Amino acid sequence: MSNAVGINKDAEKRTLSGMRPTGALHIGHYFGAVKNWLDLQEEMRCFFFVADWHALTSEYEDTRRIGAFIPEMVKDWLAAGLDPERCCIFRQSAVKETAELSLILSMLTPVSWLERCPTYKEQIQQLSHKDLSTYGFLGYPVLMTADIIMYRPRWVPVGHDQLPHLEIAREIARRFNNLYGVFFPEPEARLTPQAKCPGLDGRKMSKSYNNGILLSESMAEISPKIKEMLTDTARMRRNDPGNPENCNLFPYHELLTAADTQAEIRAGCTSASMGCVDCKAILLKGLERFLAPIQERRARLDARPGLVEEVLAAGNESARAEARKTMGGVRELIGF
Ligand code: TRP
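Residues numbered from 1 in each chain as written. Predicted model: local features only at pLDDT ≥ 70, side-chain atom pairs only at ≥ 80, totals over all residues. Heavy atoms only, no water.

### Some thoughts on the environment of Ile70
Here is step 1: In this structure, Ile70 sits in helix H4 (residues 64-80).
Here is step 2: Contact partners of Ile70, with chain neighbours within four places excluded, come to Pro21, Val50, Asp52, Arg91 and Leu312. (Helix = DSSP H or I, 4+ residues; strand = E, 2+ residues; numbered from the N terminus. Contact = heavy atoms within 4.5 Å.)

### Section: the domain arrangement of the protein chain
The accessible area lost on association of the parts is a frequent measure of interface size.
Here is step 1: The assigned domain composition of the protein chain is domain 1 (9-197 + 305-334) and domain 2 (219-299).
Here is step 2: In this structure, domain 1 and domain 2 have C-alpha centres spaced 35 Å apart.
Here is step 3: Every contact between the two is made by 12 residues of domain 1 and, on the other side, 10 residues of domain 2.
Here is step 4: Roughly 950 Å² of surface becomes buried between domain 1 and domain 2 when both sides are summed, with 71% attributable to carbon and sulfur atoms.
Here is step 5: Our count for the domain 1 to domain 2 interface comes out at one salt bridge.
Here is step 6: A salt bridge links Asp76 to Arg298; the nearest nitrogen and oxygen atoms lie 2.5 Å apart.
Here is step 7: Joining domain 1 to domain 2, the criterion identifies three residue pairs in polar contact (both at pLDDT 80 or more).
Here is step 8: Counting residues per element, the ones that place at least two in the side of domain 1 that touches domain 2 are helix H2 (27-43) and H4.
Here is step 9: Among the elements that line the side of domain 1 that touches domain 2, the one with the most residues is H4, at five residues.
Here is step 10: Across the side of domain 1 that touches domain 2, the residue classes break down as eight nonpolar, one polar and three charged. (Domains from an automatic or database assignment. Buried area = accessible area lost by both parts, 1.4 Å probe. Salt bridge = Lys/Arg side-chain N within 4 Å of Asp/Glu carboxyl O. Polar contact = N/O pair within 3.5 Å; in protein donor to acceptor, adjacent residues only side chain to side chain. Nonpolar A, V, L, I, M, F, W, Y, C, P; charged D, E, K, R; others polar.)

### Topic: the site of the ligand
Here is step 1: Around the ligand, a shell composed of 14 residues is seen, among which Arg20, His54, Tyr140, Asp147 and Gln162 lie nearest.
Here is step 2: At 2.8 Å from a nitrogen atom of the ligand is found a side-chain nitrogen or oxygen belonging to Asp147.
Here is step 3: Here a nitrogen atom of the ligand and a side-chain polar atom of Gln162 are 2.9 Å apart.
Here is step 4: Starting from 370 Å² of accessible surface for the ligand in isolation, the protein chains cover 92%.
Here is step 5: Those elements that place two or more of their residues in the shell around the ligand are strand E1 (14-19), helix H9 (140-149) and strand E4 (155-158).
Here is step 6: With four residues, the single largest contributor to the shell around the ligand is H9.
Here is step 7: The class makeup of the residues in the shell around the ligand is eight nonpolar, four polar and two charged. (Near = heavy atom within 4 Å. Areas by Shrake-Rupley, 256 points an atom, 1.4 Å probe, with all protein chains shown as cover.)

See below:
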């Protein structure tokens, strides 16, 4: 059996995260998650996966779209700059060991931990048009724990919304270690800095609101959307001063525009020396600069059909090799 210190030394340099396949990625996904992953792939051993089993927890009634979303999402990841030479990109359901680990963990997870998970209660209410009174949906955090601890990482880059799940994962890992011997490092959330990337209409950027900018969109598609965006609605005439804090556009400048130009825009807006049309033109330039390398990589991917599938096949293979090692240890510890 390995000792706790040895485990943690290796774990410090490992990270894992996953995303449910919900369709094309928008820039909110980019600034909220993928950008963080790009930094991590330079620093440590990374595992990034498509959480297709997790998609099933809420989409079990209509599973047709999940399959098509998987290569689409992986292609977006690669276009954004994830490098399969540097990280393991795989599909959750390709590693059957995860189901075994999840089952074992479910035996030692009190139902009360799951029932009191705030995301559980929230989602049941929010998605009231779906029947989520299932065993699988209640067990979402158990499966997520298996996803994570299988690869024994210390760091799990996630947004704030996932913190309750990470807390449960730590508790389950601790409980396993107490029962059978210290084996799993306790994973820790590595919070994605709260990047403010609202939708074009100021609400949360979301596929279902159709208020996003997709990583796969061309400038010809994006440009009219930016031109239609509402800015500070109190700024009725060109000569009225505006307030960037009340403008849907300004958060995008904060993500995409150099700090000195941002300061110029702020000064120009509040003094009415710059109009919204000019401000939008600067943003469009910024978006073009940001998207150019992504679109270039996408074009190269488009020229190599089958590449996404190859990347996944190789990633699945190395993820499985890791999972087999972990499960060898788990079975030994529980005496099976
Ligand atoms: N629950 C995560 C989300 O909705 C997706 C996910 C599943 C995940 N398994 C994970 C994230 C493991 C991090 C680690 O975004």
